[in-house]
Every structure is written in C-alpha cells, then in structure tokens.
Amino acid sequence: MNRVTQAPAPAADRPAPAAGGGRRAASRPRSGQWAAWAFLAPVVVYLLVFYAYPLYRNVELSLRHYTVRSFVQGDAPFTGFANYAEVLGDATFGPALWHTAVFTLVSLAFQFTIGLALAMFFLKNFRLSAVLRALFLVPWLLPLIVSSSTWSWMFNSDSGVVNAVLGAFGAEPVHWLTSPDWSLWSVTIANIWIGVPFNLVVLYSGLQAIDPAIHEAAALDGAAGWQRFWKVTFPLLRPVSAVTLLLGLVYTLKVFDIIWIMTRGGPSGSSTTFATWSYRLGFGNLLPAFGPGAAVGNLLIVMALFFGLVYIRVQRKQSLS
Amino acid sequence: MTDARRWGKTAIGLVLTGVMLFPVYWMINVSFTREQDMRKSPPSWFPVKGTLEGYRAALDQQLPYLGISLVVGLGTVALTLLVATPAAYSLAKLRPRGGGTLSFVLLIAQMIPGIIMAMGFYAIFLNVGMLNTVTGLIVADSTLAAPFAVLILTTFMSGIPEELMQAARVDGAGTVRTFWSIIVPVSRNSIITVSLFAFLWAWSDFVFASTLDQGGAFQPITLGIYHYIGNNNQQWNAIMATAVIASIPTAVLLVIAQRYVAAGVTAGAVKS
C-alpha cells in the first residue's frame with residue numbers, strides 16, 4: 001500500500017502515450033503530462049468544489065457573527081476570533097474536551113487490546129476460521145444507525161437485555177442512557193464494539209507479515225507463550241500497532257452518529273464530545289448558532305489533522321525503511 | 001489429538017463470534033418479537049412466538065425511505081466512479097507531476113470529520129437551493145467515498161503489468177482508449193469493491209442526511225429509523241425490523257466481496 005503515499009517517479013524516461021492527437025508530437029513528455037492531468041481534472045475540480053469550498057465556508061462561518069437572517073442574506077459582520085473566544089469560554093468546553101479524550105482513549109485501548117487478542121487467536125488457521133473472521137466484520141460494516149439503535153434498546157433501563165442479564169446476577173438495574181454517570185460509558189461500549197473489527201483485520205494482516213521462522217527460532221530458544229508474545233511478537237508488530245492506533249484515533253475523534261443517536265450528548269451534556277457539541281450548536285437547537293458551531297468544528301479539524309499528519313509521517317517512515 | 005485441538009479452537013471461535021454478534025442476533029430477535037412480549041422480564045431469548053407484524057409495519061411505512069436510499073446510494077456510486085477511476089488511472093500509470101501531492105491531499109481529505117463538511121455544505125446548499133434534494137445528498141455522500149476510491153483504485157491499478165499497456169499502445173490505442181478498453185475491464189474487481197463501499201457508506205450516512213435533508217420530502221432510510229426511534233418508541237419490533245432490512249447491503253457486501261473488504265480495511269493502514 002505504500003505506493004499510494006509515495007511520490008511517483010519522474011516521467012522523463014518513459015515512452016509517451018499517444019493521446020492528445022498529433023499536435024504535440026514534438027514534445028512528447030509534455031503531451032503525456034497533459035493527458036495525465038486531463039484524467040486528473042475531474043478529481044481536482046471535485047476536490048476544489050466539494051472539499052475546499054465547504055471547508056472555506058466553514059472557516060468563514062466561524063469568523064463572522066451569523067444570525068438566521070444574515071445566514072440567508074450573507075451579510076454577517078466579520079468578528080474575527082470572537083466565536084472561538086466564546087467557545088473557549090463556554091461552560092461546555094471543559095467537559096466536552098474531557099469527554100472527547102475519555103471516549104477516544106478508552107475506545108482505542110479496548111478496541112486495540114481485544115482486536116490484538118482476536119488477531120492472535122485467528123492467526124493459526126483452524127476449521128471455519130476464515131468464515132468466523134469474516135463474520136467479525138459485521139459490526140464494522142453495519143450502518144451506524146442500525147448498531148446505535150440496537151444498542152439503545154439493549155441498554156434500555158426497563159426492558160433492555162443488558163439489565164436483564166445483570167438482574168439475573170442480582171445486580172440493580174443501571175440507567176445506561178439516562179443517567180449522567182453512565183451515558184458516556186454506554187456510548188463508549190457501543191463504539192468499542194464497532195471498532196474491534198477494524199483493529200482485528202489490520203493487526204491480523206500485520207501478524208501475518210511476521211516471518212514464522214522468527215517464531216520458530218524463539219520457540220527453539222525456549223521462549224514460550226506470554227514471553228514469546230511480549231519479547232518477540234509485540235515488538236515486531238509495533239509499526240503496525242502505531243499505524244492502527246493513530247488511524248483509530250483520527251476515526252474516533254470524529255465519531256458523531258453513535259453518540260447522537262444513543263444519547264444526543266446527554267443527559268445534561270454528560271456524553272457531549274466536540275463532534276456532538278458542534279452539531280448541537282449548528283443544528284440541534286431551534287435557534288442555530290452556526291458561528292460557534294463552526295468554530296468547534298474547526299477545533300476538531302485541527303485535532304484530527306494533527307494526529308492525521310503524525311500518522312502519515314509514521315507510515316512514510318515505515319515504507320521507506 | 002491435533003484434530004481434537006483444532007476442533008477445540010473452532011468451538012472457542014464459535015463462542016467468541018457468538019458473543020461478538022450477539023447485538024446482531026438481538027436485533028433480529030426483537031424484530032420478530034410480539035408487541036405484548038416486548039417489555040417482558042426476563043426477555044424471550046428466542047422468537048418462539050414470533051410475529052411478522054414488525055416487518056409488515058416496516059414495509060408499510062419505510063418503503064419510500066428505502067427507495068430514496070437506493071437512489072442516493074446508486075447516485076453516489078456513479079459520481080464516485082466518475083471522479084475516481086480516471087484519477088486513479090492517471091496516478092497509477094501516467095505519472096503526473098504533482099501526483100504525490102494530490103495523493104497526500106486525498107489522504108488528508110479522508111480525515112476531515114463529516115460533521116464539519118456538513119456545516120460547510122449546509123451554508124452552500126442553503127444559498128444555491130440544494131437543501132433537501134436528492135442531488136445534494138448524493139454530492140455530500142460522495143465525499144465519504146471519493147478519496148478512498150482514488151487511493152484504493154490507484155493501488156490496484158499500479159499492479160497492472162506495463163506490458164499490457166505497451167501492447168495496447170503498439171496496437172495504436174491512445175490514452176483514452178487504453179483506459180477504457182484495458183484498464184477499466186482489468187480493474188473490474190476493484191471497481192466493484194469500491195462501488196460496494198461507496199454504496200454502503202451512502203446508504204449508512206446519517207450525518208449528511210440529518211443536516212442537509214432534515215426537512216425534505218425525500219429522506220433516506222437512516223432518517224426513517226431515526227424518526228421511528230423518536231416518534232413511536234413503543235414499536236421496537238418495527239424499528240428493529242427496519243434495522244434488519246437496512247442491514248441487507250452489509251450482508252451483500254460481505255457475501256460478494258469478502259476478501260476485498262479486508263483489503264479495503266487495511267488499505268493505507270499497513271504497508272504491503
């Protein structure tokens with residue numbers, strides 16, 4: 001996959017394709033470049049119109065004071081970083097930051113650990129292992145509204161199956177989605193469930209890439225079980241683990257659907273992250289606050305891009321080595 | 001001995017898969033549960049007194065939503081392929097100057113949270129009158145898949161042997177002809193994979209639907225379920241029946257393109 005991120009080789013010493021008609025026969029390499037960029041034109045236009053422009057509008061939203069009227073008419077006054085100041089000073093900021101951190105880190109820790117354990121388990125082929133591995137992908141491929149609403153019903157305080165099982169062991173019913181003490185944990189559990197397959201698949205392919213001879217050598221040296229895992233497998237898997245965790249981090253920071261569908265960030269903000277906060281400001285109220293909403297969104301972008309760039313750096317370093 | 005051990009592992013594997021897929025089972029179980037058994041304690045673990053009333057209600061009320069989702073999904077696939085396939089061909093085989101930068105931009109584009117794109121799209125669509133339209137939703141949904149599609153197709157197309165293209169060139173085929181008659185047919189499998197993912201993501205999209213299409217007459221199935229949860233939270237068999245129906249594309253993807261799914265997940269995450 002490293003080809004995707006590496007710059008292609010210079011085009012100088014390569015026979016030029018015959019497109020572009022005969023007009024440019026004199027300068028063949030350049031006609032090759034024309035053809036190459038002609039094929040890229042749709043995606044470039046697409047990126048400019050459907051990525052760059054919305055992002056630009058988003059930045060613009062965050063720098064102006066919008067009301068519903070000026071949103072339609074487009075004459076909102078420029079207010080600089082007032083929206084950002086408002087957001088940073090908001091009582092929601094601290095909790096939202098904390099919830100985002102807890103949600104992301106706890107999700108990652110469990111997704112990675114469970115994913116790695118399962119990848120180790122599936123590494124040695126056994127009967128049905130391919131089929132079962134494929135079935136493990138289901139949570140990751142289900143539409144989020146499907147998984148979120150299923151978990152909502154399972155977590156229902158009165159009739160949910162989770163409380164029914166807990167009750168069978170004599171535990172008191174837990175108000176998973178309606179108590180401020182539990183809502184963040186409930187959405188985190190659902191998110192862990194959704195993210196395990198991704199970790200399993202990536203780590204499994206990472207494990208497969210490790211030369212079996214290394215394990216045999218370690219086994220001959222008397223390293224067994226846990227020791228072999230910690231001293232041999234885990235260090236060898238570190239590059240893949242780093243990439244998995246960083247990519248998972250970028251994905252988890254932007255999780256919105258699950259939280260919004262299950263709790264809407266509530267009750268009383270107890271499961272509000274940056275993503276749901278931004279949505280609530282922009283779309284969740286009768287009177288939309290687009291400016292602050294966009295400001296929160298841009299803070300989220302900065303976070304995602306920071307870790308995204310770290311991810312790309314790590315991955316490039318690995319493909320070069 | 002070893003045989004017994006292998007079956008032992010299979011047994012453990014079955015149990016683990018069962019635990020992992022329990023929510024999916026529960027969704028199916030609830031979708032068949034009768035209204036009066038819904039709040040029974042303890043819940044019925046198997047739909048022994050199963051009913052189809054949930055599915056009847058779902059098909060009665062959700063069919064238009066499913067139709068819209070189908071249209072949006074197919075539209076998204078078309079737009080994604082239109083943009084991504086030529087670009088991937090160029091990046092993989094024509095070596096454009098600046099191609100590396102473009103790949104980098106696409107990688108970054110994949111990481112932008114959907115909710116932020118939604119806000120920008122909302123502002124734009126409001127001004128050009130594209131809010132609550134199927135076209136608008138197709139455009140927005142395609143941003144979920146387009147960068148991924150270019151990157152994946154580029155990787156697959158890079159593997160197409162140069163000789164094949166040279167042979168085409170010798171036969172007098174131009175760049176366009178080579179693309180259309182050689183590259184596209186040879187890349188059929190990867191194009192199908194990308195299409196399935198693009199369809200699934202458009203079908204599953206909730207962020208764009210709930211922001212750009214919340215007041216429209218044409219709403220996708222994700223909003224259908226969302227309204228269902230909000231409006232009649234008594235009829236959980238109908239909600240779960242709709243959820244089961246909404247999961248059909250997932251099942252299709254897994255059955256048709258199982259090995260490509262794994263490739264799609266790992267793409268860009270692990271060096272080959």
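### Details of the overall build of chain B
Alright, step 1. Looking only at helices and strands, chain B has 14 helices and zero strands in total.
Alright, step 2. Across its three principal axes, chain B shows a C-alpha extent of roughly 70 × 70 × 30 Å.
Alright, step 3. Taking all 272 residues of chain B together, 59% fall into the buried category.
Alright, step 4. Approximately 11100 Å² of chain B is accessible, and the part contributed by carbon and sulfur atoms is 66%.

### A short note on the overall build of chain A
Alright, step 1. Per the secondary structure count, chain A includes 15 helices and zero strands.
Alright, step 2. Counting the 321 residues in chain A, one finds 52% classified as buried.
Alright, step 3. Here chain A displays about 14700 Å² of accessible surface, and carbon together with sulfur accounts for 67% of that area.

### Concerning the domain arrangement of chain B
Residues and elements named next belong to chain B.
Alright, step 1. Domain parsing of chain B yields domain 1 (1–51) and domain 2 (60–266).
Alright, step 2. Across the boundary between the two partners, domain 1 contributes nine residues, which contact ten residues of domain 2.
Alright, step 3. For the domain 1 and domain 2 pair, buried surface summed over both sides reaches about 720 Å², with 61% attributable to carbon and sulfur atoms.
Alright, step 4. On the domain 1 side of the contact with domain 2, M27, S31 and E35 bury the most area, a combined 58% of that side's loss.
Alright, step 5. If you look at where domain 1 meets domain 2, you find zero salt bridges.
Alright, step 6. Inspection of the domain 1/domain 2 interface yields one residue pair in polar contact (both at pLDDT 80 or more).

### A look at the confidence of the model for chain A
Residues and elements named next belong to chain A.
Alright, step 1. On average, chain A scores 83 in pLDDT, and the residues at 70 or more come to 90%.
Alright, step 2. No element of chain A has a lower mean pLDDT than helix α1 (residues 2–5), which averages 32, and none a higher one than helix α5 (residues 93–123), which averages 94.
Alright, step 3. In this model, residues 1–28 is a region of pLDDT below 50 whose contacts with residues beyond four sequence positions or in other chains number 43 contacts.

### Focus on a nonpolar patch on the surface
Alright, step 1. A cluster of nonpolar residues, V165 and F169 of chain A together with W45, F46 and V48 of chain B, forms a patch on the protein surface that exposes about 590 Å² of accessible area.
Alright, step 2. The topology assignment puts F46 of chain B in the loop between α2 (22–32) and α3 (53–94).

### Some thoughts on the layout of surface pockets
Residue and element names in this part refer to chain A.
Alright, step 1. Space inside the largest pocket adds up to approximately 670 Å³.
Alright, step 2. Along the walls of the largest pocket sit 18 residues, with M120, L123, K124, H215 and R228 positioned nearest its centre.
Alright, step 3. Elements represented by at least two residues in the lining of the largest pocket include exactly α5, α10 (183–208), α11 (212–220) and α12 (225–253).
Alright, step 4. Considered class by class, the residues forming the lining of the largest pocket number ten nonpolar, five polar and three charged.

### Describing the interface of chain B and chain A
Alright, step 1. With 107 residues of chain B in contact, the opposing surface of chain A contributes 106 residues.
Alright, step 2. Approximately 9900 Å² of surface area, both sides summed, lies buried where chain B meets chain A, with 75% of it carried by carbon and sulfur atoms.
Alright, step 3. It is M20, M111 and M119 of chain B that lose the most area in chain B upon contact with chain A, and together they represent 8% of the buried surface on that side.
Alright, step 4. Counting every contact that joins chain B to chain A gives zero salt bridges.
Alright, step 5. Applying the counting criterion to the chain B and chain A interface returns 16 residue pairs in polar contact (both at pLDDT 80 or more).
Alright, step 6. With twelve residues, the single largest contributor to the side of chain B that touches chain A is helix α5 (residues 114–128) of chain B.

### Section: the packing of aromatic side chains
The description of two aromatic rings rests on the distance between their centres and on the angle between their planes.
All names here are of chain A.
Alright, step 1. Summed over all chains, the structure comprises 46 aromatic pairs over all chains.
Alright, step 2. Their ring planes at 20 degrees and their centres at 6.3 Å tell us that Y53 and Y56 sit as a pair that is stacked. Pair noted here: Y53 and Y56 are both in helix α2 (residues 28–63), with a separation of three residues, about one helical turn.
Alright, step 3. The partly exposed category is assigned to Y53, whose relative accessible area is 38%.
Alright, step 4. Summarising the aromatic geometry, the rings of W230 and F234 are spaced 5.1 Å apart at their centres and angled 65 degrees between planes, so their arrangement reads as edge-to-face. A residue pair is termed a helical-turn pair when its members lie 3 or 4 positions apart in one helix, as W230 and F234 do in helix α12 at four residues.
Alright, step 5. Overall, the relative accessible area of 47% leaves W230 in the partly exposed class.

### Re empty space enclosed by the protein
Alright, step 1. All told, the structure shown has four cavities of 30 Å³ or more when counted by the stated rule.
Alright, step 2. Computed from the structure, the second largest cavity encloses a volume of approximately 80 Å³.
Alright, step 3. Forming the boundary of the second largest cavity are W153 and S159 of chain A together with W26, N29, V30, T33, D37, M38, P43 and S44 of chain B.
Alright, step 4. Among the elements that take part in the lining of the second largest cavity, α2 of chain B stands out by supplying three residues, more than any other.

### A word on unusual backbone geometry
Alright, step 1. Despite not being glycine, R264 of chain A shows a phi value in the positive range, around 55 degrees.
Alright, step 2. Along the chain, the position of R264 of chain A falls in the loop between α13 (257–262) and α14 (274–284).
Alright, step 3. You can call R264 of chain A partly exposed: its relative accessible area is 47%.
Alright, step 4. Located in the positive-phi region is N132 of chain B, a residue other than glycine, with phi close to 60 degrees.

### Focus: helix α9 (residues 161–168) of chain A
Alright, step 1. Those residues of α9 of chain A that fall on the buried side of the exposure criterion are V161, V162 and N163 of chain A.
Alright, step 2. Each element contacted by the buried residues of α9 of chain A is listed here: α8 (144–154) of chain A together with α2 of chain B.

### Some points on the side chain of T178 of chain B
All names here are of chain B.
Alright, step 1. Looking at where T178 falls in the secondary structure, it is placed in helix α8 (residues 175–186).
Alright, step 2. A polar contact is formed between the side chain of T178 and the backbone oxygen of G174, at a distance of 2.5 Å.
Alright, step 3. Leave out the neighbours within four places in its chain, and T178 touches Y89, M165, A168, A173 and I183.

### Overview of the pattern of salt bridges
Residue and element names in this part refer to chain A.
Alright, step 1. Considering all chains together, one arrives at four salt bridges over all chains under this definition.
Alright, step 2. Residues E60 and R57 are paired through a salt bridge, measuring 3.2 Å at the closest nitrogen-oxygen approach. Taken together, the positions of E60 and R57, both in helix α2 and three residues apart, correspond to about one turn of that helix.
Alright, step 3. The exposure class of R57 is buried, given its relative accessible area of 8%.
Alright, step 4. With a shortest N-O distance of 3.1 Å, R64 and E60 are connected by a salt bridge.
Alright, step 5. In this structure R64 comes out as partly exposed when scored by relative accessible area, which is 23%.

Conventions and cut-offs
Residues numbered from 1 in each chain as written. Chains lettered and ligands numbered in written order. Predicted model: local features only at pLDDT ≥ 70, side-chain atom pairs only at ≥ 80, totals over all residues. Heavy atoms only, no water. Helix = DSSP H or I, 4+ residues; strand = E, 2+ residues; numbered from the N terminus. Buried < 20%, exposed > 50% of the residue type's maximum accessible area, 1.4 Å probe, protein only. Areas by Shrake-Rupley, 256 points an atom, 1.4 Å probe, with all protein chains shown as cover. Domains from an automatic or database assignment. Contact = heavy atoms within 4.5 Å. Buried area = accessible area lost by both parts, 1.4 Å probe. Salt bridge = Lys/Arg side-chain N within 4 Å of Asp/Glu carboxyl O. Polar contact = N/O pair within 3.5 Å; in protein donor to acceptor, adjacent residues only side chain to side chain. pLDDT = per-residue confidence, 0-100. Patch = residues over 30% accessible without salt bridge, like charges linked within 9 Å, V, L, I, M, F, W, Y side chains within 5 Å. 1 Å grid on protein atoms, 1.4 Å probe; cavity = no way out; pocket = protein on both sides within 12 Å on 5 of 7 lines; lining within 4 Å. Points joined across faces, edges and corners; volume = space filled by probe spheres on them. Nonpolar A, V, L, I, M, F, W, Y, C, P; charged D, E, K, R; others polar. Phe/Tyr/Trp six-rings, centres within 6.5 Å; stacked < 30°, edge-to-face > 60°.

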